[in-house]
Amino acid sequence: MTDPVQRILTSAPPRASSFIVTIYGDVVEPRGSVLWMGTLIECCARHGISESLVRTAVSRLVAAGRLQGERIGRRSFYRLSAAAQTEFRQAGQILFSPPSLPADWAIALSGDPLPGWVAFGSGAIAPFRAGLVLPAGPVLRAATISGANDLPGFAAGHWPLAEVAQGYRGFLDRFGGLTPQRTQGLADADALALRLRLIDEYRHAALADPRLPQDATPVDWPAAQAHDLFRDLYLRLSAGADRCVGHSFADSVGPLPEATPETRARMKALSR
C-alpha cells in the first residue's frame, strides 16, 4: 500500500497562486510578513511548481494589491500589503482559533447583501456574530422559535453547503490516513511540506464555510471532524516544520525565526 505521506507529497502540484498564499499565511505572516523570492521558489519547487509559475503568480498577487515587492542588490523580496495582513489575520483566526458557532440570525429588511450575507426576500440574512458588517437600513436579530427541523433545508437553498461539505470530506479522505505512526520520524523538510499541503487544502473548505448556527447544518456536517484532524496534524507536524523554516527561510534581514509570539499563540490556541 502506498505510504500516505508520499502519496500526498507526490500528488499533482497545487495551484501556484493559492499555494503562495498558503506559504505566506502559514509561515511568513507570523514572522514579519517578508520573504526572499529565492526561498519562495525553492519551497514551491518541492511541490512541483516551476519558477516561471511562481514568478507569474507573484506578479498577479502584486497586481491584486496583496504583495509588495522590494529589491535589495540582486535579490527580490515580497511583503504582504497592509490589507493582506489584515485579511490573513482574520483567516488565521478561523483556522487556528475559530469562535463558537452563532446561535442567532441577523435579518436586514432591505438592501443588497454584503459579504457574509445572502439575499432573503427584499433584504438579506446572515448568521449573527461579533464584527458582522451590517447593511444600511433596519437590521433585526432573530432566534429560532419554531420549525427548527426545516432550517437545514432552508440553509442548503441559500448557502453552498454541499460544496463546502465535499471540501471537508475530501480533506478527511486525503489526510485521514496520517496516523501518529505514519508521521513519526519525518524529516523536517517533509514535515513542513506536509503541513503546507495540509493547510492549503483545509483552508479552502474552512474559509468557504458560512459557519451557520448548528441547527441549520445537516446532522452529518463534517466541519468539526475536519477541524479536529487539522488541529491534530498541525500540532504533530509543527516541531519539525518550524525547525525547517528556521534553517531554510529568509527575509531581507536574514533567516526567519523558528518561532515567534504569533506562532506560539497559534499552537496554544490549537492545543486548547
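The structure this text deals with has already been given above.
Small disclaimer: the values here were computed from a predicted structure and weren't measured.

Participant: What should I look at first to understand the packing of helix H7 (residues 161–175) against helix H9 (residues 188–208) in this one?
Facilitator: A pair of packed helices can be characterised by two numbers: the angle between their axes and the separation between those axes. Close contact between H7 and H9 brings their axes to 7 Å; oriented N to C, the two are set at 160 degrees. Judged on the interaxial angle alone, H9 and H7 are roughly antiparallel. At the point where H7 passes H9, the crossing takes the left-handed sense. Facing H7, whose interface residues are Val164, Gly167, Tyr168, Gly170, Phe171, Arg174 and Phe175, H9 presents Leu194, Arg197, Leu198, Glu201, Tyr202, Ala205, Ala206 and Ala208. Taken together, the residues of the contact of H7 with H9 break down into ten nonpolar, two polar and three charged.

Participant: Can you help me understand the nonpolar core in this one?
Facilitator: The tendency in soluble globular proteins is for nonpolar side chains to be buried as a group. One finds Ile23, Tyr24 and Leu40 to be the most contacted residues of the largest nonpolar core, which totals 70 residues. Setting aside residues no more than four positions away along its own chain, Ile23 makes contact with Val28, Leu35, Leu40, Cys43, Cys44, Leu196 and Phe249. Membership of the second largest hydrophobic core comes to six residues, among which are Ala106, Ala108, Ala126 and Leu132.

Participant: How should the packing of aromatic side chains be read in this particular structure?
Facilitator: For any pair of aromatic rings, the description consists of the separation of the ring centres together with the inter-plane angle of the planes. The tally for this structure, following the rule as stated, stands at ten aromatic pairs. Aromatic side chains Phe171 and Tyr202 sit 5.2 Å apart centroid to centroid with 55 degrees between the ring planes, which places their arrangement in the tilted category. With a gap of 31 residues between them, Phe171 in helix H7 and Tyr202 in helix H9 connect regions that are remote in the sequence. Phe171 gets classed as buried once you look at its relative accessible area, which sits at 0%.

Participant: Explain the sheet that holds strand S2 (residues 67–72) here, please?
Facilitator: By definition, the strands of a sheet pair up through backbone hydrogen bonds, in either a parallel or an antiparallel sense. Pairing is antiparallel across the open sheet formed by three strands, whose spatial order is S1-S3-S2. Whereas interior strands pair on both sides, the edge strands pair on one side only; in this sheet they are strand S1 (34–36) and S2. If you compare each strand with its neighbour and ignore which way they point, the axes differ by 25 degrees on average. Inspection of the sheet shows S2 paired to strand S3 (residues 75–80) by six bridges, in the antiparallel sense. Within S3, the residue paired with Leu67 across the bridge is Leu80.

Participant: Before we go on, may I ask you to explain the side chain of His47 in this structure?
Facilitator: Tracing the backbone through its elements, the reader meets His47 in the loop between helix H3 (37–45) and helix H4 (51–63). In this structure His47 comes out as buried when scored by relative accessible area, which is 4%. With sequence-adjacent residues up to four places away left out, His47 is seen in contact with Pro13, Pro14, Phe19, Ala193, Leu196 and Arg197.

Participant: Hey, could you run me through the pattern of salt bridges in this one?
Facilitator: Pairing of side chains with opposite charge becomes possible as their charged atoms draw close. As enumerated under the stated definition, the model contains 18 salt bridges in all. Arg55 serves as the salt-bridge partner of Glu51, at 3.0 Å between the closest nitrogen and oxygen. You can see Glu51 and its partner Arg55 sitting in helix H4, four residues apart, about one turn around the helix. Using a relative accessible area of 42% as the deciding quantity, one classes Glu51 as partly exposed.

Participant: I keep staring at the packing of helix H2 (residues 16–28) against H4 and nothing clicks. Help me out?
Facilitator: Axis separation between H2 and H4 bottoms out at 9 Å; the angle between their running directions is 75 degrees. Taken as axis vectors, H2 and H4 run roughly perpendicular relative to one another. In contact with Ala16, Ser17, Ile20 and Val21 of H2, H4 contributes Leu53, Val54, Ala57, Val58 and Leu61. The residue inventory of the contact of H2 with H4, partitioned by class, reads eight nonpolar, one polar and no charged.

Participant: When you look at the sheet that holds strand S4 (residues 105–108) in this model, what are you seeing that I'm missing?
Facilitator: Reading across from one edge, S5-S6-S4-S7 is the order of the four strands in this open sheet, with antiparallel pairing throughout. Both outer strands of the open sheet, strand S5 (118–120) and strand S7 (139–142), are each paired with one neighbouring strand and no more. Sheet twist, expressed as the average angle between the axes of neighbouring strands with direction ignored, equals 30 degrees. Where helix H6 (residues 151–158) meets the sheet, its contacts fall on S4, S5 and strand S6 (123–127), and the angle it forms with S5 comes to roughly 120 degrees.

Participant: Is there a simple way to explain the layout of surface pockets in this structure?
Facilitator: Over the atoms, a rolled probe matching the size of one water molecule traces out where space is still vacant. Reported here for the largest pocket is a volume of approximately 1,100 Å³. Around the largest pocket, the lining comprises 38 residues; the ones closest to its centre are Gln90, Ala91, Ile94, Arg129 and Leu207. Those elements that place two or more of their residues in the lining of the largest pocket are H2, helix H5 (82–96) and H9. For the lining of the largest pocket, the leading source of residues is H5, giving nine residues.

What counts as what
Residues numbered from 1 in each chain as written. Predicted model: local features only at pLDDT ≥ 70, side-chain atom pairs only at ≥ 80, totals over all residues. Heavy atoms only, no water. Axes fitted to C-alpha atoms, helices over the stretch in contact; angles between N-to-C directions. Helix = DSSP H or I, 4+ residues; strand = E, 2+ residues; numbered from the N terminus. Parallel < 35°, antiparallel > 145°, perpendicular 65-115°, else oblique. Left-handed = near helix turned anticlockwise from the far one by under 90°. Contact = heavy atoms within 4.5 Å. Nonpolar A, V, L, I, M, F, W, Y, C, P; charged D, E, K, R; others polar. Core = buried A, V, L, I, M, F, W, Y, C linked by side-chain atoms within 4.5 Å. Buried < 20%, exposed > 50% of the residue type's maximum accessible area, 1.4 Å probe, protein only. Phe/Tyr/Trp six-rings, centres within 6.5 Å; stacked < 30°, edge-to-face > 60°. Pairing = 2+ DSSP bridges. Salt bridge = Lys/Arg side-chain N within 4 Å of Asp/Glu carboxyl O. 1 Å grid on protein atoms, 1.4 Å probe; cavity = no way out; pocket = protein on both sides within 12 Å on 5 of 7 lines; lining within 4 Å. Points joined across faces, edges and corners; volume = space filled by probe spheres on them.

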